[in-house]
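The primary structure of each chain is shown beneath.
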Amino acid sequence: MSRIRIGNAQAFWGDRPSAAKELLAQEPGLDYLTMDYLAEVSMSILALQRERDPQKGYPQDFVEVVRGLAAYWASGGTCKLIANAGGLNPLACARACKAALEQSGCRELKIAVVSGDDVVAILAERSEDPSFNNLDSDQSLALVKNRLVTANAYVGCQGIIAALNAGADIVITGRVADPSMVAGACAHHFGWASDAWDCMAGATVAGHLLECGTHATGGISTDWLQVPDPIHIGFPIAEVASDGSSVITKSDRSGGCVTESTVKEQLLYEIGDPNRYISPDVIVSILGIDVRQVSTDRVSVRGAKGSPPPKSLKVSATYRDGYRAAGMLTIVGPQAVRKAKRCGEIVLARLAEAGWRYRDSIVESLGNGASVPILESENVDHDSYETVLRISVEAEFKEPVEAFAKEMIPLVSAGPQGTTGYAEGRPSVHAVFRYWPCLIASDLVPQNLDFMMSLDNRNSDQPTPSWPTASSNIDTCDSLDAGIDTPDASRIIGSRVVDPKKRRLHHVAYGRSGDKGVSANIGILARDPSHYESLKRWLTTDRVQHFFKGMGITRIDRYEVPNLGGLNFVLYGILKRSIRNDAQGKALAQALLSMPIDDTLQID
């Protein structure tokens, strides 16, 4: 069965800029390299850039990445690059990349630009259309029409397929769905029919596993302390077969690890219903997926099922909604938490006396459970000798937030002894951008395709640039059915002997959480698959609701994923307070895993 090897070297705008060059130095024979730059907040930042300079509006870091790969292509490298780094201005991004390649003495390359995802004009013109109502609140878009900043549809892989079919070496897109970069490469390479739903489902799963970069190789894993050589943690590679099945791996010249647990955690990351993982290319069910370690750092993923995608696309829109600021000081000494809380009370009381009003404000004592408030109860009697005071405010207008920024720093001389950590000065004031998710009919979002060729500017008087040779060959055996017993941190930790009175959920389970607008998901997986049924009976929706009480949850949906030994919880409304320290829900899984367990959770 034929295979292609697809790597990923960027999980978000701000990830390691050297990763692409490092990965291609380790694995120059990759067929495709994908890079993911865009998130909701990224689009708002890019919009501000474009307001200041119409030629901007894309992550300029990407141009330097391309410049750094010029020697690879000049030396004969053939890996094709696919990135959504076009942001709000894909054509300008492509022109900058073309110039960078020519300045670096690269061979001729064909650059494709996929655009059409920007639908802000359509939404602004039809703001009363109910289909543009907020998916979370059902509010009409008309309420924020005049404050819209961006609106981008999550388009699928058709533009990428067309670009690759036309011979593109580099494909630069706007807001395509993250897994669509991998799906597009696979559909082009294997020539799948438009209704090869199971194949597309498998490629979409591979794309989901790659899109967050080192998440699949040990990054942010529950058992991160057991990850080998995190200094050199590698980015993931998917070896995708013609039937859509894949092996997730990494370069053997890099650190990190690829295990069943790292793959399962990422499978449940930021998803809702595991039977209906919706992409613009296919609706995927992961309930039949088999995840199996086949050798060291090689995990087989097969069995995804697909069905036709919906006739609408999800839109990620953003709008202006006031201003915010957050400041931090470190408090050292006896009763540090009480001192920090009193400092917060002082600042907010002074601002109230001066007549300033805020839409929201919060005082957090970081290091003592405040990031997820349900953990504070465990520290209420703890006489901490150090804590980080964090005060945050949000208001409709800028002036009250500027007043807060001026009021916090005086604590350095008027607050408790041991107040330090003020070298950064006053807190900065930032514009608030809210996320507005909605739907748009697919036929309103055609994908546009443009091409440009970079000139061959290699200097004939100088030798061809060299590039490292490939690492040792990796066995790419197609026989993936026989499991191999390899160490997995999730199993090792689960086997430790623990005092029954001190057992916590993390002793028997692991997991990962992420944001879904104002909601969040938490995927929890049994360390020992034989304990799944007991975990399913014990970790009920009511138990989770009670654990997170007071955090604004309006509803919890629980989905069972028996093939992975997991449960997926979607907590609606838990992220409404966007000025909290954990505004994106990344700490929620760790909080839930701290839950004490009792004898009713029957674990042999």
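Residues numbered from 1 in each chain as written. Predicted model: local features only at pLDDT ≥ 70, side-chain atom pairs only at ≥ 80, totals over all residues. Heavy atoms only, no water.

A short note on the overall build of the protein
Stage number 1. In terms of helices and strands, the protein carries 17 helices and 23 strands.
Stage number 2. For the protein, the C-alpha radius of gyration of 25 Å lies close to 25 Å, the compact-globule estimate for 604 residues.
Stage number 3. Considering only C-alpha atoms, the protein reaches an extent of 70 × 60 × 55 Å along its principal axes.
Stage number 4. Contacts in the protein between residues far apart in sequence, at least 24 positions, make up 78% of those at least 6 positions apart.
Stage number 5. About 25,600 Å² of surface is accessible on the protein, with carbon and sulfur atoms providing 49% of the total.
Stage number 6. The averaged location of the 72 negative side-chain charges in the protein is 3 Å from the averaged location of its 61 positive side-chain charges. (Helix = DSSP H or I, 4+ residues; strand = E, 2+ residues; numbered from the N terminus. Rg over C-alpha atoms; globule rule 2.2 N^0.38 Å. Contact = heavy atoms within 4.5 Å. Areas by Shrake-Rupley, 256 points an atom, 1.4 Å probe, with all protein chains shown as cover. Lys, Arg positive; Asp, Glu negative; His and termini not counted. Charge placed at Lys NZ, Arg CZ, Asp CG, Glu CD.)

Quick word on the packing of helix H3 (residues 61–68) against helix H5 (residues 90–103)
Stage number 1. For the pair H3 and H5, interaxial distance at closest approach is 9 Å and the crossing angle is 30 degrees. Comparing the axis directions of H3 and H5 gives the class roughly parallel. Relative to H5, the crossing made by H3 is right-handed. Where H3 abuts H5, its residues Phe-62, Val-63, Val-66 and Arg-67 lie against Cys-93, Ala-96, Cys-97, Ala-100, Leu-101 and Gln-103.
Stage number 2. For the contact of H3 with H5, a count of residues per class yields eight nonpolar, one polar and one charged. (Axes fitted to C-alpha atoms, helices over the stretch in contact; angles between N-to-C directions. Parallel < 35°, antiparallel > 145°, perpendicular 65-115°, else oblique. Left-handed = near helix turned anticlockwise from the far one by under 90°. Nonpolar A, V, L, I, M, F, W, Y, C, P; charged D, E, K, R; others polar.)

A look at the pattern of salt bridges
Stage number 1. This structure, assessed with the given rule, holds 31 salt bridges.
Stage number 2. Between Arg-320 and Glu-51 there is a salt bridge, and its shortest N-O distance comes to 3.0 Å. Here the residue Arg-320 occupies a position in strand E14 (residues 312–332), and Glu-51 occupies one in helix H2 (residues 40–52), the gap between them amounting to 269 residues.
Stage number 3. Glu-51 gets classed as exposed once you look at its relative accessible area, which sits at 54%. (Salt bridge = Lys/Arg side-chain N within 4 Å of Asp/Glu carboxyl O. Buried < 20%, exposed > 50% of the residue type's maximum accessible area, 1.4 Å probe, protein only.)

Thoughts on H3
Stage number 1. Within the span of H3, buried status applies to Phe-62, Val-63, Val-65 and Val-66. For H3, the buried positions fall inside an angular range of 155 degrees around the axis, keeping them on one side.
Stage number 2. Those residues of H3 that are buried are in contact with helix H1 (19–26), strand E2 (32–35), helix H4 (70–74), strand E3 (80–83), H5 and strand E6 (170–173). (Arc of directions from axis to C-beta.)

With respect to the pairing of strand E23 (residues 566–572)
Within a regular strand, the side chains alternate between the two sheet faces.
Stage number 1. In terms of residue burial, E23 counts as a mostly covered element, since six of its seven residues are buried.
Stage number 2. Relative to E23, strand E21 (residues 519–526) runs antiparallel, the two sharing six bridges. Within E23, the residue paired with Gly-523 across the bridge is Asn-568.
Stage number 3. Here strand E22 (residues 555–561) pairs with E23 via seven bridges, running antiparallel. The residue bridging Asp-557 from the neighbouring strand is Val-570, located in E23.
Stage number 4. Taking the residues between adjacent antiparallel strands as the criterion, E22 and E23 are bridged by four residues, where Gly-565 takes a positive phi near 70 degrees. (Pairing = 2+ DSSP bridges.)

Concerning unusual backbone geometry
Stage number 1. Positive phi is not limited to glycine here, since Asp-229 has a value of about 45 degrees.
Stage number 2. With respect to the element layout, Asp-229 can be found in the loop between helix H9 (197–210) and strand E7 (236–241).
Stage number 3. Look at Asp-229 and you get partly exposed, because its relative accessible area is 37%.
Stage number 4. Positive phi outside glycine occurs at Asp-297, with the angle close to 60 degrees.
Stage number 5. Turning to its location among the elements, Asp-297 is positioned in the loop between strand E11 (290–295) and strand E12 (298–302).

Some thoughts on the layout of surface pockets
Stage number 1. In this structure, the second largest pocket spans a volume of roughly 500 Å³.
Stage number 2. Contributions of two or more residues to the lining of the second largest pocket are made by helix H7 (158–165) and H9.
Stage number 3. Residue classes in the lining of the second largest pocket are distributed as 14 nonpolar, five polar and two charged. (1 Å grid on protein atoms, 1.4 Å probe; cavity = no way out; pocket = protein on both sides within 12 Å on 5 of 7 lines; lining within 4 Å. Points joined across faces, edges and corners; volume = space filled by probe spheres on them.)

Structural notes on the side chain of Asn-368
Stage number 1. Tracing the backbone shows Asn-368 in the loop between strand E15 (360–366) and strand E16 (386–395).
Stage number 2. By relative accessible area, which is 4% here, Asn-368 ends up buried.
Stage number 3. Reaching out from Asn-368, the side chain makes a polar contact with the side chain of Thr-387 at a distance of 2.8 Å. (Polar contact = N/O pair within 3.5 Å; in protein donor to acceptor, adjacent residues only side chain to side chain.)

What about the environment of Asn-146?
Stage number 1. Of note, Asn-146 is situated in the loop between helix H6 (120–125) and strand E5 (148–153).
Stage number 2. Judged by its relative accessible area of 75%, Asn-146 falls in the exposed class.
Stage number 3. Separated by 19 residues in sequence, Asn-146 and Ser-127 place their C-alpha atoms 9.8 Å apart.

Considering the sheet that holds strand E9 (residues 277–278)
Stage number 1. As summarised here, the arrangement of the three strands in space is E9-E10-E13, forming an open sheet in which the pairing is antiparallel. Of all strands in the sheet, those with a lone pairing partner are E9 and strand E13 (305–307), marking the two edges.
Stage number 2. In the sheet, strand E10 (residues 283–285) pairs with E13 via three bridges, with the strands oriented antiparallel. By the bridge assignment for E13, Ile-283 is matched with Ser-307.
Stage number 3. The strands touched by H9 are E9, E10 and E13; relative to E13, the strand with the most contacts, the crossing angle is about 115 degrees.

Structural measurements only, silent on function.
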